[in-house]
Structure formats: structure tokens, C-alpha cells
Amino acid sequence: MKALVLENIHPTAVDVLRSRGYEVELRAGALREDELAESLDGVQLLGIRSNTTVSERVLKEAPDLEAIGCFCIGTNQVDLVAAAERGVGVFNAPYSNTRSVVELVIGGIIALARRLPEKTQRMHDGVWDKSARGSHEVRGRTLGIVGYGNIGTQLSNVAEALGMRVVFYDKADRPAHGNARRMASLAELLETADVVSLHVDGRPGNAGLFGAAEFAAMKPRALFINASRGMVVDYDSLRAHVLSGHIAGAAVDVFPVEPKAQGDEFESVLRGLDNVILTPHVGGSTQEAQEEIGRFVAEKLAGFALQGSTALSVNLPQVLTPTLDGEHRLGLLHHNVPGVLANLNAVFADAGDNVVGQHLSTRDHLGYVVTDASEPLSAAAIEELRRSEHCVWVRTW
């Protein structure tokens, strides 16, 4: 059994996979499409972060691939539909680096409000500029959070603890935390907030969400934060509004095009601007977060490959399987049509095999059923299931 792990994923992940019997190949950087496709021969598990794209073409050329672990929050770098059609499970870490991102955002808000980037640069230049001009406390200021999911809600709680007022906007119906107030529209939030922080996901519909009109609608001298996705923001417009003085400062951690490897040159229209903090996509890059992400995602990959569990998969029906204890397990991923479960149970009955547990879940056009039995099915019975027109794959444990 072989796993390919890219992009300097925490050693904890490697330890978990090796302890489960996997041979692990490590690559420090991301791989481009051709390189990735060539590297997946004989690989069952793939571990990536945000800079490796797994396209439909890559999936077509990787018949041995069983699962992909995204050792981050986002999964938009993977063609989830194509992966599901081939029965390749995709797992991520939706919670593990939440606190790290929140702390980076809070640090950015305070640094921008106090104009620390400028102060620091002038000190390095040998200029003593002891002045309160343009420097403010964050207490009493209004933070507008766009996207009120796992990160947005925790940011809301921490910001309130600092004495900030919090408003938020989310298309989903999410409950407010603490004293936070829901805004009826993005426009209403922009009229209200002294600081705007984006925390939306990377779905295609969010591309270009924040552009010239949105920056113009922000309060004069407001601050802007983006630690979500680079493609969400028109950075040319942000540059123009910073240079005009309408936006007093910005902190940006994500970019539409990011260097593939450590040390590569970084290009951005935001370079060189006063009171603009640029960080290299490190929102979740703390030792604590990366260790937890490494453990969490590796455990999900191993649970799927060795036990059949799809719990927290982002693209397959979710079944949390019990620990195997003397039973023989069969997993059937199939098209979600009537009669598949009845046919499966008929195969077990015809084989005289006693079913001791069964777990079924459906998701869109797919269904997944895990059956624990007292005896293993014969090779002929398993082949009969595989020949069904509705079968995606059959696996046994």
C-alpha cells in the first residue's frame, strides 16, 4: 500500500500512515498536472495542500487512487465531482486550523489600526516617528465579517472579547454568536463596518465577489482583511482604494496566483503599499494547527482505506463505520437507484451469509452501503456485485 504526500505536510501525517502499513513517498513542493499524473502510478492515497490541483485528467490517469486528503480547509483544488464519479473519497480539515486563522486576522486588525507596518519600516530605515497620527484602538470599532462559518464565528467571539462590535453577512441562515448582529445584505454591512474581513469558501460563485463597487461602498478609512481565497477579491481595485486613501489599510494572506515552491518570486500589485500587510498564505500555518491537521486528515484517509469509513468526506455519502471486531466487511459504492440494497442483501442470503450490521447513506447520485457479516462472501458473489450496472466499486475488509 502506497501513499504520496506533497507540500511539506506535517510529519504527524506520515507517522499515522506508516503506522497503518503504508509506504509513504514525500515530496516537498506541489506538483503540476503532468508531474502529478505520472507520480500516481500504484498510489492509493494522496496528501496535498492548496497548491496542488487534482483535475479530472489526473483522476483518469490514476486508477489505483482510492482517496485524497486535503491537509487544509479548502477542497476547491480537487475536481470533487470527477473524484466522486470514480469513487475516490476526498477529506479535509474543516476545523483544525480555525484558531490559527482567527489569531492572524486579529493580529492584522490591531497592526493596521495602529499603523504598525509603517512604524516598523521607518524604524528599520532609521527614522524615529513617535506619533499618534492615524493610530486607533480597536475597542469600540465595528468588525464586519463576510462569511459566518467556522472561522467567521470564532473570529466573532474573539473580536467581541476585545471590545469590538460585530456585524456579519452570510447567505446561509446562521445563528449569531454573542452580541453579533446579522446584516440583511453585504451593502448594509459595508456601510456599517470599520473593518471588513472576508471568510468565504472557494466555490466558483464566489469568484470576484469583492471588487471596485464593494470597496467604494466601504466606510472612508476602513480596514480590509482577506484570509479566505485569493480569487474572491479584485486586488487592482484594492490597490486603487489604498492609494486614494479611501481604504486606510489592508491585510492579505491569499492571492489568485501563488508561487508553487518555497523561495519562488512573489508578484502582486499590492507590494510596496503603506499600511498593507502581505503574508504568504500562512493563516493556518502554525505548528499546533499543522500537527492537528496532519493527524486528523491522515486518520480519515486510513479510516476510509482500512475500515471503509467515509465520515466527513466532502464528496461521498457519509457512513461512520464501527470498529471491525471479528466480522467480515464489504463496502458497496453504487448509483443511487432503487433496488440496489435489496439486490445486495439477496446476494448475502443466497450465499447463506448472516448479516450482523449494515449502514447506508446516500448523497446526490451516489449511495454507499457497508455490510458486516459473519463470513466473507465468495469471490463469485463479489464478482456478481461488481458486474451490476449500478456498481462503482466493491471493497472488502
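In short, a report on the structure. Here the structure is a predicted model, which means the values were calculated and not measured.

Thresholds applied
- Residue positions are given per chain, counting from 1 as you read along its sequence in written order.
- In view of the model being predicted, local features appear only for residues whose pLDDT reaches at least 70, and side-chain atom pairs are presented and counted only at 80 or more, with totals across whole chains, interfaces and linings using the full set of residues.
- Heavy atoms throughout the structure, all of them, feed into the side-chain values; hydrogens and water do not.
- The term salt bridge refers to a side-chain nitrogen of Lys or Arg lying within 4 Å of a carboxyl oxygen of Asp or Glu.
- Put simply, DSSP marks the helices as runs of H or I at least four residues long and the strands as runs of E at least two long, and each gets a number from the N terminus on.
- Here the term buried applies to any residue with accessible area under 20% of the maximum for its type, exposed to any over 50%, and partly exposed to those in between, with areas from a 1.4 Å probe on protein chains only.
- When DSSP finds two or more bridges between two strands, those strands count as paired.
- Note on contacts: a residue pair is in contact if any heavy atoms of the two residues lie within 4.5 Å.
- Only the stretch in contact is used when a helix axis is fitted, and all axes are lines through C-alpha atoms; the angle between N-to-C directions ranges over 0 to 180 degrees.
- Centre distance within 6.5 Å is the pairing criterion for rings of Phe, Tyr and Trp, where only the six-membered ring of Trp is used; planes under 30 degrees apart are then read as stacked, over 60 as edge-to-face, and the remainder as tilted.
- Here, over-ring charges are defined by two tests on the NZ atom of lysine or the CZ atom of arginine: distance to the ring centre within 6 Å, and angle to the ring normal within 35 degrees.

### Looking at the pattern of salt bridges
Part 1: Scanning the model with the defined rule gives 20 salt bridges in all.
Part 2: Here E292 makes a salt bridge to R295, at a shortest N to O gap of 2.6 Å. Here E292 pairs with R295, and both are found in helix α11 (residues 287-307), just 3 residues apart, close to one helical turn.
Part 3: On the basis of relative accessibility, which here comes to 30%, the residue E292 falls in the partly exposed class.
Part 4: Through salt bridges with shared partners, one network takes in E33, D34, R57 and E61.

### Side note on the sheet that holds strand β12 (residues 276-278)
Part 1: Across the sheet, 7 strands lie side by side as β8-β7-β6-β9-β10-β11-β12; this open sheet has parallel pairing. On the outer flanks of this sheet lie β8 (181-182) and β12, each paired with one strand and no other.
Part 2: Across the sheet, helix α10 (residues 235-244) touches β10 (222-226), β11 (247-252) and β12, and the angle it forms with β11 is around 145 degrees.

### Thoughts on the packing of aromatic side chains
Part 1: In total, this model carries 9 aromatic pairs according to the counting rule given.
Part 2: For the pair F215 and F224, a centre-to-centre distance of 5.0 Å together with 70 degrees between the ring planes defines the contact as edge-to-face. No difference in accessibility class separates F215 from F224, as the two residues are buried.
Part 3: Connected via pairs of aromatic rings, a cluster forms that spans F91, F304, Y368 and W393.
Part 4: Taking NZ or CZ as reference, R395 lies 3.9 Å from the ring centre of W393, over its face.

### Observations concerning the pairing of strand β4 (residues 67-70)
Part 1: Burial along β4 is two-sided: the residues A67 and G69 and I68 and C70 are all buried.
Part 2: Pairing geometry for strand β3 (residues 45-48) and β4, over 4 bridges, is parallel. In the sheet register, L45 faces β4, and the bridge partner there is A67.
Part 3: In this sheet, strand β5 (residues 89-91) lies alongside β4 in parallel orientation, the contact comprising 3 bridges. Within the sheet, the bridge partner assigned to G69 lies in β5 and is F91.

### Focus: the environment of G152
Part 1: Assignment of secondary structure puts G152 in helix α7 (residues 150-161).
Part 2: In the structure, G152 is positioned 193 residues away from N345 in sequence and 45 Å away in space, judged by C-alpha atoms.
Part 3: With near-sequence residues (within four places) excluded, G152 lies in contact with I145, G147 and H199.

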